[in-house]
Amino acid sequence: MPTILHNAVLATMRGGYSLIDRGALVIEGGRILWAGPEAELSATGERHDLGGRLVTPALIDCHTHVVFGGERAREFEMRLNGASYEEVARAGGGIVSTVAATRAASEDDLVAQALPRVDRMLAEGVGTVEIKSGYGLDVETELRMLRAARRIASARGITVRTSFLGAHAVPPEYKGRADDYIAEQVLPALRAAADEGLVDAVDGFCEGIAFSPTQIERVFAEAKALGLPVKLHAEQLSNLGGAALAARYGALSADHLEYLDEAGVGAMAKAGSVAVILPGAFYTLRETQAPPIELFRKARVPMAVATDCNPGSAPMTSLTLAMNMACTFFRMTPEEALMGATAHAARALGLTDRGAIAPGLVADLAVWEAAHPAELSYRIGATPLHTRIIGGRFDA
Ligand code: DI6
Ligand code: FE
């Protein structure tokens, strides 16, 4: 029997809010069968009165590093007590400490440590999460991270999209030998992970402190040979032409982009890549250069918004806070921010079956204690979620 949701405000996110004020939805077999004005509803089924609440597609966090071992809170405190980056590193801090803790963690540990973070995301209406590897930095641990990511999907009944991020940082044992690291660990890990069906996309970190465009291109060439789509951490701290490189490989997205120039925006527009905006890292790093939002608008590059949840530059699980920050720091509108956490986030993951409310799409929805979608970006540190509906089923 179909499920009918009625007495609701629908933000269908078909190219903007596309609000239906007195709306209804028909769901069957986990998919949306019909959505429209309640006055035009003809189907019968199990009816749920939503009391005039707002319904949106379930949110999609399209850029996270939510699987990792350990924590970095004490390093945060050390820094604020005046410790330098070097002192923190010598005390075993920084990304190296996350790599060590991740290598020491079993697959069960990684799942157990990630689940509370994932649960905080879900409590804000998220139904699909992208999860990257990139804290193993050796073949075995990269594979273990991706297996843990896959298990999170079944543990919570959500959709997880994995990105292989072997080219995230050069591990200590390869210091000064990034090319050897790529040849001996990254490419073999990518092949093995793809073989095991653990990879939905291939990512990299193109930056002075990480990998050069030439090195990233070696990884992208392998992705292409394996038939996998690519995305890239690009232009976060400087402009190395990473987004343009990603665009040449038809990237799903380029992410961060604070230092992107007009030519890079043009390359992304031509390739149809999504610009993933990550205000949590901008905030934590006390960055002052904002991504070129106005250029993205002019070139019609779709913008997504995500948490970047990671223990270093974005210890954050709140996608609605990321939306708020995107508005306040970058002057994105609440409508753009919500498109960024739904329709454009789906596109950044290559998903065509979600991110909007329309017939045929997956019935992943969020019901909010709100009358207008601007409320989702407006509040700071509070979520108006009423309930999630995943695959047509209400959360218990
Ligand atoms: N960009 C970042 O800001 C993080 N990774 C990346 O590619 C930093 C990751 C960390 O410090 O653990
Ligand atoms: Fe990231």
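Structure: see above.
Draft legend 1. Local environment of the pattern of salt bridges. On inspection of all chains with the given rule, the structure shows 24 salt bridges. Two residues, Glu173 and Arg103, come together in a salt bridge whose shortest N-O distance is 2.8 Å. Placement of Glu173 in the loop between β8 (159–167) and α6 (178–195) and of Arg103 in helix α3 (residues 95–104) is noted, with a sequence separation of 70 residues between them. Given the relative accessible area of 40%, Glu173 is considered partly exposed. Note on Arg103: relative accessible area 27%, which makes it partly exposed. For Glu375, the salt bridge is made with Arg379, and the minimal N-O distance between the two is 3.4 Å. A relative accessible area of 29% places Arg379 in the partly exposed class. Each member of the salt-bridge network shares a partner with another, and the members are Arg72, Glu75 and Arg79.

Draft legend 2. Looking closely at the coordination of the iron ion (ligand 2). Looking at the iron ion (ligand 2), the protein donor atoms are His63 (NE2), His65 (NE2), His233 (NE2) and Asp308 (OD), and they sit 2.1 to 2.3 Å from it. For the iron ion (ligand 2), the 4 donor atoms in the first shell make angles of 81 to 166° at the metal, so the coordination geometry reads as irregular. Sequence spacing of the donor residues for the iron ion (ligand 2), all on one chain, is H-x1-H-x167-H-x74-D. On the criterion of sequence distance, the pair formed by His65 in the loop between β6 (59–61) and α1 (73–80) and His233 in strand β10 (residues 231–234) is long-range, its members being 168 residues apart. Here His65 and His233 have matching classes, each one buried.

Draft legend 3. Examining the sheet that holds β6 more closely. What the 4 strands build is an open sheet, ordered β6-β7-β8-β9; its pairing is parallel. The strands lining the two open edges of the sheet, one partner per strand, are β6 and β9 (201–204). Sheet twist, expressed as the average angle between the axes of neighbouring strands with direction ignored, equals 25°. For strand β7 (residues 126–132) and β8, the ladder comprises 5 bridges, and the chain directions are parallel. Among the inter-strand pairings, Lys132 is bridged to a residue of β8, identified as Ser163. Strand contacts of α6: β8 and β9, with the helix running at about 160° to β8, the strand carrying the most contacts. Sheet contacts for helix α7 (residues 213–226): β8 and β9; angle to β9, the most-contacted strand, approximately 180°.

Draft legend 4. Structural view of the packing of α6 against α7. The contact between α6 and α7 brings their axes to 10 Å, and the two run at 20°. Relative to α7, α6 is oriented roughly parallel. For the crossing formed where α6 meets α7, the hand is right-handed. Contact with α6, carried on its side by Ala178, Asp179, Ile182, Ala183, Val186, Leu187, Leu190, Arg191 and Ala194, involves Gln215, Arg218, Val219, Glu222, Ala223 and Leu226 of α7 and no other residues of that element. For the contact of α6 with α7, a count of residues per class yields 10 nonpolar, 1 polar and 4 charged.

Draft legend 5. The arrangement of the packing of aromatic side chains in detail. Per the counting criterion, the structure on display carries 8 aromatic pairs. Considering the side-chain rings of Phe282 and Phe329, the 5.2 Å spacing of their centres and the 50° angle between planes classify their relative orientation as tilted. Taken together, the residues span a long stretch of sequence, with Phe282 in helix α10 (residues 279–284) and Phe329 in helix α12 (residues 319–330) at a distance of 47 residues. Judged by its relative accessible area of 35%, Phe329 falls in the partly exposed class. Relative to Phe330, the ring of Phe282 lies with its centre 4.8 Å away and its plane at 80°, an arrangement referred to as edge-to-face. One end of the pair, Phe282, is in helix α10; the other, Phe330, is in helix α12, with 48 residues separating them in the sequence.

Definitions and cut-offs
- Residues numbered from 1 in each chain as written.
- Chains lettered and ligands numbered in written order.
- Predicted model: local features only at pLDDT ≥ 70, side-chain atom pairs only at ≥ 80, totals over all residues.
- Heavy atoms only, no water.
- Salt bridge = Lys/Arg side-chain N within 4 Å of Asp/Glu carboxyl O.
- Helix = DSSP H or I, 4+ residues; strand = E, 2+ residues; numbered from the N terminus.
- Buried < 20%, exposed > 50% of the residue type's maximum accessible area, 1.4 Å probe, protein only.
- Donors = N, O, S within 2.8 Å, 3.2 Å for Na, K, Ca; no water.
- Tetrahedral: all angles 85-135°; square planar, octahedral: opposite > 155°, others 65-115°.
- Pairing = 2+ DSSP bridges.
- Axes fitted to C-alpha atoms, helices over the stretch in contact; angles between N-to-C directions.
- Contact = heavy atoms within 4.5 Å.
- Parallel < 35°, antiparallel > 145°, perpendicular 65-115°, else oblique.
- Left-handed = near helix turned anticlockwise from the far one by under 90°.
- Nonpolar A, V, L, I, M, F, W, Y, C, P; charged D, E, K, R; others polar.
- Phe/Tyr/Trp six-rings, centres within 6.5 Å; stacked < 30°, edge-to-face > 60°.

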